[in-house]
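Survey of secondary and tertiary structure
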Amino acid sequence: MADYGIGASDEIARLSLGRDAESPPPPPPPNIKSPGVVATDVTAKFSEAVTALSPGELVKDGFFTLFESVAALEIMDPKMDSGCVKAGDEFEELYDVSRPLRPEEVLGIIDQLLCHEISWHLGYPLSQTLFTSVYVEALLMPTPLKIDDAQFVRFGRVETNQQPMSMVLRAYCLGMLKACGYVNERIKSEHYYEEEDFVTNTYNRNLLTRIPTSDVMQVLTDAEDLLASCKNSIGEEVTEALISRLALRRSFLAAAECPQHMKEPEKAQKPWREGRDLIAKIGSTHDLARPVADAFSAKLQRKLASTMPPRPIVELAFQDAFRHLSRLFEDGADVIRVLDYTDSQCLQTFVATFQARRPQPLVYVRTLLQTFLFNAMEILGAMSIRQLLDDDFSIVTLPASPLLDRSNDDIEAPQDPRFVIAEQMELFRQRAAQPFLDILRTACQNRCRVRRTLCHIVRDWESLQVDAEEIDQILQVKSGEKPRVQPSAAGGDAVESYSLPLSSWTYLYKLRQMEQIVQLGFELEIYQPDELGGMYWFLNYLARFRLQHTERIKSFIVHQVEEARSTPNRPASKADNWLQRSLAHTRLSLLDAAVTWELSDALCCLYIVLGRLGLVKAPPRPYSNDELRFALRMKAFSSIGFPSAPTFDDFTLGTTQPDTTTEELLEYGERAAAGAKKGFETLSKLSAEESFSVGSHDRWVSMVKSALKSSIATVIAISTVQKALAKATKCNGVSVKVEIPTPDKTYHEWWIVPKISPI
């Protein structure tokens, strides 16, 4: 008898169900003629033994090895074996795609397909979504080479393909599959995380890649014309419902080609806006649909090229799918606005605020954003990486600087200082390009990956800072820069200082990313409630460094502005605009660092007090201690030379404040929260140009106002604790209830303000 492996599961299933009579007669036994070999046909005995087994029952021989046992587990296990058929069930899906359909049934099938398509966008595989449709399977197998091949019925009663409702459903399916093909290829061409973000596996099915889009568009147009001619017989409501769904397919298909129109933002945005306008009509007509559950079957997974066991069909409610669909078109229309470039800081604000919206845009929209940013080594389809970097240098640390003068590139004499300047600047651009672009690319990932990737990227910025300091020394000599004399911070003799523009630029970005790593920890619920005070202390620690560094940058820019103004009879020039733009950026950076410092300080004080009063307690940690947990939280910053991570003793001292009374802590926290409130109010009043949020000002203001509400809530929480302390007695203690909200229940995900209510 042959050894039955995994590939024999279908044959075993038929034998075990007593259906061997339906199978073709077994081949004759092999004719083995060899001395010492006696061949025995055991087929009849094996068939008789199998009939005694119930479906799903396994028999294991005592000499069956572990390896053979694991390999055989799939056989006849309904959870693992796609060939296992329940008693009384059919192996094949018997649904007839040639059956006549009523308009309401077509509407029901289309809406169910829409739910499955959105489920696929949410990260479920095609095997559990669209490929469970009998109509989709009929269109895709065998693979159609031209539009006329893509029919529900290929052989036999082909005249059923001419039924009006079949033609409408076919048009919708073709438009859907062609758009899914575009989506799949777009996501695969960009940076994403398989299984975590999206599943691109098509299971050896071709999503109409060989059929031109124009042919599919024509089929959709013909189907709309057909519906218009049948309006009287079908009914106006159902007809309009079907036409709106076909129009949505045309819009989505056109929108999937928007990367081809990067240089024409209006043209790229048009199909997204048209689809967004159609969605309301689709939602209002769903009640007319009649579901056809038999048109979807998990049995179709048996025909897919997959090593995965059969899985149930993903059932997404239409209202949930409709909400995600609305958001898809809303985000798709919004992401095109990134093509309207203003400057590098506005671009970073656009990407950061777009990716931080809740819920986060679907992975397809995020990969579209990546395409716009990095396609063909061009930024937004029109700029070189050098242009973007130079624009950012000119805003942050090098406004109107001769170091960025393009004429330096034309100097060919090695002894000329301008030749060395051009050479060193180009060297720094080459080293800075990847870390800088990684900031934008990382922001396009899901939020968990953003934090995880930032922990690696910040090390690249640490290395870049070492290179920047060396290049700054060379540029300082070649440019003939004169030092500025500044009073010593310790009150001693004045000291000379140089601007060090490249290392200052690098250090500022490194500090921003270190802060963002900590802030995303609050958003992603990485820290336990008893750790919040300590992590806000560390955020305050980093914000102080950023504030001091921004003040240093500002001092050199102000000095440069004063020098320009002191030149007599100097006409206004473009350089003055660059200087003013750089001053505006330093003001914004100072405000942002200040409010981060103040609010984190206030929350730190509040959580220290709550810990002292026993209102926030640490959970049991039998396998951990404070020092090990501190080392874990500081692990991402262990490779950073400056600012170096605090020691455990400094961290403990800062998060316990043993020399400060509870009342003093609350008073200090109240002042800090009030300062943060005033700072956020100032930020919220900045214009799009002043806040470097052109193209995303509404989103930026919304985030600032959310943080403003958090600062107000902090003031209220501290006041509540102060009143409770004033009323407390030695017997009863502080009578308040503390609730630590999850990030989605706060005003801003980065500011976890405890809800304190008197008992």
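Residues numbered from 1 in each chain as written. Predicted model: local features only at pLDDT ≥ 70, side-chain atom pairs only at ≥ 80, totals over all residues. Heavy atoms only, no water.

**Brief notes about the overall build of the protein chain**
- Counting its regular elements, the protein chain contains 23 helices and four strands.
- Burial status across the protein chain gives 51% buried among its 759 residues.
- Intrachain contacts of the protein chain at a sequence separation of at least 6 include 77% that bridge at least 24 residues.
- Roughly 36600 Å² of accessible area belongs to the protein chain as shown, and the carbon and sulfur atoms make up 53% of that amount. (Helix = DSSP H or I, 4+ residues; strand = E, 2+ residues; numbered from the N terminus. Buried < 20%, exposed > 50% of the residue type's maximum accessible area, 1.4 Å probe, protein only. Contact = heavy atoms within 4.5 Å. Areas by Shrake-Rupley, 256 points an atom, 1.4 Å probe, with all protein chains shown as cover.)

**Points about the packing of aromatic side chains**
- With the rule as written, the count across this model stands at 31 aromatic pairs.
- On the numbers, 5.8 Å between centres and 40° between planes, the contact of phenylalanine 393 with phenylalanine 428 is tilted. You can see phenylalanine 393 sitting in helix H14 (residues 385-396) and its partner phenylalanine 428 sitting in helix H15 (residues 417-443), a full 35 residues away along the chain.
- Exposure remark for phenylalanine 393: the relative accessible area of 0% places this residue in the buried category.
- With a centroid separation of 5.5 Å and an interplanar angle of 50°, the aromatic rings of tryptophan 461 and tryptophan 505 are classed as tilted. (Phe/Tyr/Trp six-rings, centres within 6.5 Å; stacked < 30°, edge-to-face > 60°.)

**A few points about helix H11 (residues 318-335)**
- Here H11 contains 18 residues, and its C-alpha end-to-end distance of 25 Å stays within 8% of the 26 Å for a straight helix at 1.5 Å per residue.
- When you tally the buried positions in H11, you get 13 out of 18 residues, the bulk of the element. (Expected span 1.5 Å × (residues − 1).)

**A word on the nonpolar core**
- Leu113, Leu169, Trp272, Leu373 and Trp505 are the most contacted members of the largest nonpolar core, which has 139 residues in total.
- For this core, the element with the highest residue contribution is helix H6 (residues 164-188), accounting for 13 residues.
- In this structure leucine 113 touches Leu130, Ser133, Val136, Leu169, Tyr172, Cys173, Met176 and Phe296, once residues within four positions along its chain are discounted.
- Tyr507, Phe630, Leu683 and Ile752 belong to the second largest nonpolar core, which has 66 residues in total. (Core = buried A, V, L, I, M, F, W, Y, C linked by side-chain atoms within 4.5 Å.)

**Brief notes about unusual backbone geometry**
- Cis rather than trans, the peptide bond between arginine 358 and proline 359 has omega equal to -5°.
- Locating proline 359 in the fold gives a position in the loop between helix H12 (344-355) and helix H13 (363-374).
- For the peptide bond that leads from phenylalanine 642 to proline 643, omega is 0°, which places it in the cis range.
- Within the secondary structure, proline 643 sits in the loop between helix H20 (626-633) and helix H21 (648-656).
- Non-glycine residue leucine 380 carries a positive phi angle of around 55°.
- Checked against the element boundaries, leucine 380 lands in the loop between H13 and H14.

**Re helix H22 (residues 662-684)**
- Here H22 is 23 residues long and its end C-alpha atoms lie 33 Å apart, about the 33 Å a rise of 1.5 Å per residue gives.
- Taken together, the buried positions of H22 are occupied by Thr662, Leu665, Leu666, Gly669, Ala672, Ala673, Ala676, Gly679, Phe680, Leu683 and Ser684.
- In this structure, the buried side of H22 is in contact with helix H19 (574-612) and helix H23 (697-727).

**Structural notes on the environment of arginine 186**
- By the secondary structure assignment, arginine 186 is in helix H6.
- Taking the C-alpha atoms as reference points, arginine 186 and tyrosine 364, separated by 178 residues in sequence, lie 7.6 Å from one another.
- Those residues in contact with arginine 186, other than ones at most four positions away along the chain, are Pro259, Tyr364, Thr367, Leu368 and Thr371.

**Notes on the pattern of salt bridges**
- Enumeration according to the criterion identifies 36 salt bridges in this entry.
- A salt bridge links lysine 510 to glutamate 462; the shortest N-O distance between them is 2.6 Å. Placement of the pair is lysine 510 in helix H17 (residues 501-523) and glutamate 462 in helix H16 (residues 447-478), with a sequence separation of 48 residues.
- Using a relative accessible area of 1% as the deciding quantity, one classes lysine 510 as buried.
- Where glutamate 531 meets arginine 629, a salt bridge forms, and the shortest distance between an N and an O atom there is 3.8 Å. In this pair, glutamate 531 sits in the loop between H17 and helix H18 (532-566) while arginine 629 sits in helix H20, placing the two residues 98 residues apart along the sequence.
- Judged by relative accessible area, which is 8%, glutamate 531 ranks as buried. (Salt bridge = Lys/Arg side-chain N within 4 Å of Asp/Glu carboxyl O.)

**Re the side chain of glutamine 360**
- The residue glutamine 360 is located in the loop between H12 and H13 in this model.
- Accessibility expressed as a relative area gives 16% for glutamine 360, which makes it buried.
- A polar contact is formed between the side chain of glutamine 360 and the backbone oxygen of glutamine 445, at a distance of 2.9 Å.
- Dropping the residues within four chain positions of it, glutamine 360 is found in contact with Arg327, Gln355, Arg366, Gln445, Asn446 and Arg447. (Polar contact = N/O pair within 3.5 Å; in protein donor to acceptor, adjacent residues only side chain to side chain.)

**Regarding a negative patch on the surface**
- Among the surface-exposed residues, Glu663, Glu664, Glu667 and Glu670 lie close enough to one another that they form a single negatively charged patch.
- Turning to its location among the elements, glutamate 664 is positioned in helix H22. (Patch = residues over 30% accessible without salt bridge, like charges linked within 9 Å, V, L, I, M, F, W, Y side chains within 5 Å. Lys, Arg positive; Asp, Glu negative; His and termini not counted. Charge placed at Lys NZ, Arg CZ, Asp CG, Glu CD.)

**Things to note about the environment of serine 127**
- Relative to the helices and strands, serine 127 is located in the loop between helix H4 (103-121) and helix H5 (134-140).
- Taking C-alpha positions, serine 127 is 9.3 Å from proline 312, a pair spaced 185 residues apart along the chain.
- Beyond its immediate stretch of four places on either side in the chain, serine 127 contacts Thr132, Tyr203, Gln301 and Leu304.
- Engagement of the side chain of serine 127 in a polar contact is seen with the side chain of tyrosine 203, the distance being 3.3 Å.

**Description of the packing of helix H9 (residues 236-255) against helix H10 (residues 265-284)**
- The N-to-C vectors of H9 and H10 enclose an angle of 155°; their axes lie 9 Å apart at closest approach. With respect to H10, the element H9 is oriented roughly antiparallel. Between H9 and H10 the crossing geometry is left-handed. Along its contact with H9, which presents Glu240, Ser244, Arg245, Ala247, Leu248, Ser251, Phe252, Ala254 and Ala255, the element H10 presents Pro271, Trp272, Glu274, Gly275, Leu278, Ile279, Lys281 and Ile282. (Axes fitted to C-alpha atoms, helices over the stretch in contact; angles between N-to-C directions. Parallel < 35°, antiparallel > 145°, perpendicular 65-115°, else oblique. Left-handed = near helix turned anticlockwise from the far one by under 90°.)

**With respect to the packing of H19 against H22**
- Here H19 crosses H22 at 150°, and the two axes come no closer than 8 Å. By the angle between their directions, the pair H19 and H22 is classed as roughly antiparallel. Judged by the twist between their axes, the crossing of H19 over H22 is left-handed.
- The class makeup of the residues in the contact of H19 with H22 is 16 nonpolar, five polar and three charged. (Nonpolar A, V, L, I, M, F, W, Y, C, P; charged D, E, K, R; others polar.)

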